Amino acid sequence: RFHHTSTSHSCSCSKTVSNEKYQDPFQLGRKDLKNLYEDIKKELLVSTAELKEMCDYYFDGKGKAFRPMIVVLMARACNIHHNNFREVQASQRSVAIIAEMIHTASLVHDDVIDDANSRRGKMTVNQIWGERKAVLAGDFILSAASVALARIGNTTIISVLTQVIEDLVRGEFLQLGSKENENERFAHYLEKTFKKTASLIANSCKAVSILGCPDPTVHEIAYQYGKNVGIAFQLIDDVLDFTSCADHLGKPTAADLKLGLATGPVLFACRQFPEMNAMIMRRFSKPGDVERARKYVLQSDGVQQTTYLAQRYCHEATRQISKLRPSPEREALIQLTEMVLVRDK
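Residues numbered from 1 in each chain as written. Predicted model: local features only at pLDDT ≥ 70, side-chain atom pairs only at ≥ 80, totals over all residues. Heavy atoms only, no water.

J.: Outline the overall build of the protein, supporting the account with residue identities and numerical values.
T.: In terms of helices and strands, the protein carries 17 helices and two strands. By the compact-globule yardstick of 20 Å for 345 residues, the protein fits well, its C-alpha radius of gyration being 20 Å. Oriented by its inertia axes, the alpha-carbon framework of the protein measures out at about 55 × 55 × 35 Å. Going through the 345 residues of the protein one by one, you find that 56% of them count as buried. A total accessible area of about 15300 Å² is found for the protein, and carbon and sulfur atoms account for 52% of it. Taken together, the 45 basic and 41 acidic charged side chains of the protein have centroids lying 2 Å from each other. (Helix = DSSP H or I, 4+ residues; strand = E, 2+ residues; numbered from the N terminus. Rg over C-alpha atoms; globule rule 2.2 N^0.38 Å. Buried < 20%, exposed > 50% of the residue type's maximum accessible area, 1.4 Å probe, protein only. Areas by Shrake-Rupley, 256 points an atom, 1.4 Å probe, with all protein chains shown as cover. Lys, Arg positive; Asp, Glu negative; His and termini not counted. Charge placed at Lys NZ, Arg CZ, Asp CG, Glu CD.)

J.: Go over helix α8 (residues 155–176), please, and point to the residues and values.
T.: Along its 22 residues, α8 runs 32 Å from first to last C-alpha, staying within 8% of the 32 Å computed at 1.5 Å per residue. Where the residues of α8 are buried, they touch α5 (90–114), α7 (131–152) and α9 (182–212). Backbone nitrogen of Thr 156 and a side-chain oxygen of the N-cap are separated by 2.9 Å at the start of α8; the cap is Asn 154. (Expected span 1.5 Å × (residues − 1). Contact = heavy atoms within 4.5 Å. Polar contact = N/O pair within 3.5 Å; in protein donor to acceptor, adjacent residues only side chain to side chain.)

J.: Outline α9, listing residues and values.
T.: The first and last C-alpha atoms of α9 sit 43 Å apart over 31 residues, in line with the 45 Å expected at 1.5 Å per residue. In the structure, α9 departs most strongly from a straight axis at Ala 198, where the bend amounts to approximately 60 degrees. Across the 31 residues that make up α9, a large majority, 25, are buried. (Bend = angle between axes of the 7 residues up to and from the residue.)

J.: Help me get a handle on the side chain of Asp 238, residues and values and all.
T.: Within the fold, Asp 238 resides in helix α10 (residues 216–243). Notably, Asp 238 is buried but unbridged: the nearest opposite-charge side chain belongs to Lys 192, and the N-O separation is 4.9 Å. Engagement of the side chain of Asp 238 in a polar contact is seen with the side chain of Tyr 189, the distance being 2.5 Å. (Salt bridge = Lys/Arg side-chain N within 4 Å of Asp/Glu carboxyl O.)

J.: If you had to explain the side chain of Thr 306 to someone new, which residues and values would you point to?
T.: Following the sequence through the fold, Thr 306 ends up in helix α16 (residues 302–321). Taking relative accessible area as the criterion, Thr 306 reaches 0% and is therefore assigned buried. Residue contacts for Thr 306: discarding those within four places in its chain leaves Leu 235, Val 239, Gly 264, Pro 265 and Phe 268.

J.: I'd like a rundown of the packing of aromatic side chains, residues and numbers included.
T.: A complete count under the given rule lists seven aromatic pairs for this structure. Where Tyr 57 meets Tyr 58, the ring centres are 5.6 Å apart and the plane angle is 35 degrees; that geometry is what we call tilted. No difference in accessibility class separates Tyr 57 from Tyr 58, as the two residues are buried. What links up through ring pairs into an aromatic cluster is the set Tyr 57, Tyr 58 and Trp 129. Cation over ring: Arg 67 sits above Phe 233, and NZ or CZ is 5.3 Å from the ring centre. Over the face of the ring belonging to Tyr 223 we find Lys 206, whose NZ or CZ atom lies 5.7 Å from the ring centre. (Phe/Tyr/Trp six-rings, centres within 6.5 Å; stacked < 30°, edge-to-face > 60°. Lys NZ or Arg CZ within 6 Å of the ring centre and 35° of its normal.)

J.: Go over the pattern of salt bridges, please, and point to the residues and values.
T.: Going through the model one piece at a time under the given rule, you end up with 19 salt bridges. Across the salt bridge formed by Arg 151 and Glu 43, the nearest N and O atoms sit 2.9 Å from each other. Here Arg 151, found in helix α7, pairs with Glu 43, found in helix α2 (residues 36–43); they are 108 residues apart in sequence, far enough to count as distant. Judged by its relative accessible area of 54%, Arg 151 falls in the exposed class. The exposure class assigned to Glu 43 is partly exposed, which follows from its relative accessible area of 22%. The closest approach of N and O atoms between Arg 330 and Glu 331, which form a salt bridge, is 2.8 Å.

J.: Let's hear about the packing of α5 against α9: which residues, and what values?
T.: At their nearest, the axes of α5 and α9 sit 9 Å apart, and the two run at 165 degrees to each other. Compared by their axis directions, α5 and α9 come out roughly antiparallel. Judged by the sense of rotation from one axis to the other, the crossing of α5 with α9 is right-handed. Residues Ser 91, Gln 92, Val 95, Ala 99, Ile 102, His 103 and Asp 110 of α5 pack against Lys 196, Leu 200, Ser 204, Ala 207, Val 208, Leu 211 and Gly 212 of α9. Within the contact of α5 with α9, the residues separate by chemical class into seven nonpolar, five polar and two charged. (Axes fitted to C-alpha atoms, helices over the stretch in contact; angles between N-to-C directions. Parallel < 35°, antiparallel > 145°, perpendicular 65-115°, else oblique. Left-handed = near helix turned anticlockwise from the far one by under 90°. Nonpolar A, V, L, I, M, F, W, Y, C, P; charged D, E, K, R; others polar.)

J.: Could you give an account of the confidence of the model for the protein, with specific residues and numbers?
T.: When the pLDDT values of the protein are averaged, the result is 90; 92% of them are 70 or greater. When mean pLDDT is compared element by element in the protein, α16 scores highest at 98, while helix α11 (residues 246–249) scores lowest at 66. (pLDDT = per-residue confidence, 0-100.)

J.: Quick rundown of the environment of Ile 321? Include the residues and the values.
T.: Within the fold, Ile 321 resides in helix α16. Given the relative accessible area of 0%, Ile 321 is considered buried. Separated by 157 residues in the primary sequence, Ile 321 and Val 164 have C-alpha atoms spaced 21 Å apart. What Ile 321 contacts, discounting residues up to four positions off in sequence, is Met 74, Ile 221, Tyr 225, Arg 330, Leu 333 and Ile 334.

J.: Outline a nonpolar patch on the surface, supporting the account with residue identities and numerical values.
T.: A surface patch of nonpolar side chains, about 420 Å² in accessible area, is lined by Ile 113, Val 169, Phe 173 and Leu 176. It is α8 that provides the largest number of residues to the nonpolar patch, a total of three residues. (Patch = residues over 30% accessible without salt bridge, like charges linked within 9 Å, V, L, I, M, F, W, Y side chains within 5 Å.)

J.: So what's going on with unusual backbone geometry? Residues and values would help.
T.: One non-glycine residue, Asp 115, lies in positive phi territory at about 55 degrees. Mapping Asp 115 onto the fold places it in the loop between α5 and β1 (118–119). You will see that Phe 284, though not glycine, has its phi angle at about 50 degrees, which is positive. By relative accessible area, which is 5% here, Phe 284 ends up buried.

In structure tokens:
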């Protein structure tokens, strides 16, 4: 069902761009993201200097702020669709801040689980301060995000965004397990990908659409856009683990194989090299497994197939968002789907 050998699936997203003036998504969203990291640090008011230092470490303003960017653009696109009101409401901007806080807390925890030593080109929190303190720092960032969420004072929004935290935990559990049945394996991988990566984007988009527009159809469009972009984003991430160099990526390559994870490129490659099944089941734990698996992936069309699949998800995201009234923000969201496909880190 997920196997595509023809190139005809290649993304034709650009055809849907209307004649609205093209604007760089990051330029368009910059005004609403001004002081984003300073505002996050205000949410993280802490008494102990060490905890403050740990919390501030990833909020250094050097991240791409990809998730908040999508959230503010979606907020404006929905506001314009509903009543031609372009400004982002304070509550919608809070959702962007909360999304980045939840995302960063999950990175801190992920690095502990994976025993990672680098992230975004610098040492991880767990390497500098130790695992125990890193877990607590991740917990603290999550609790501060929850306080900010409660302050919005909308029970529907609280319900939508707490779903993200549940999904993150369930996704991590899915990642720790593996399926013996090859047919179930891909579904397991996509479900894990949705829960760990796409749920945050999908539900944050849905939250700002609820705050900006009463129409449930619009809420579904926002959710579907976020879900499809989120899955595509992770699929490309999994491709880059095989095709990008470590310096460029800001973290070691073949990291997923070293963690025993079979991502999209591996699962597709397995169809051409069935001997990889045994390696998947033992989570690449034997000496030489990681190198051999990497070689098989690069000899197969696994990278290409995973990229095609990402293109299909981006195409669906574009199809969904195109249902909204034309606006520069809508076009910027379409543009973002193309940026997801061509990014190299």
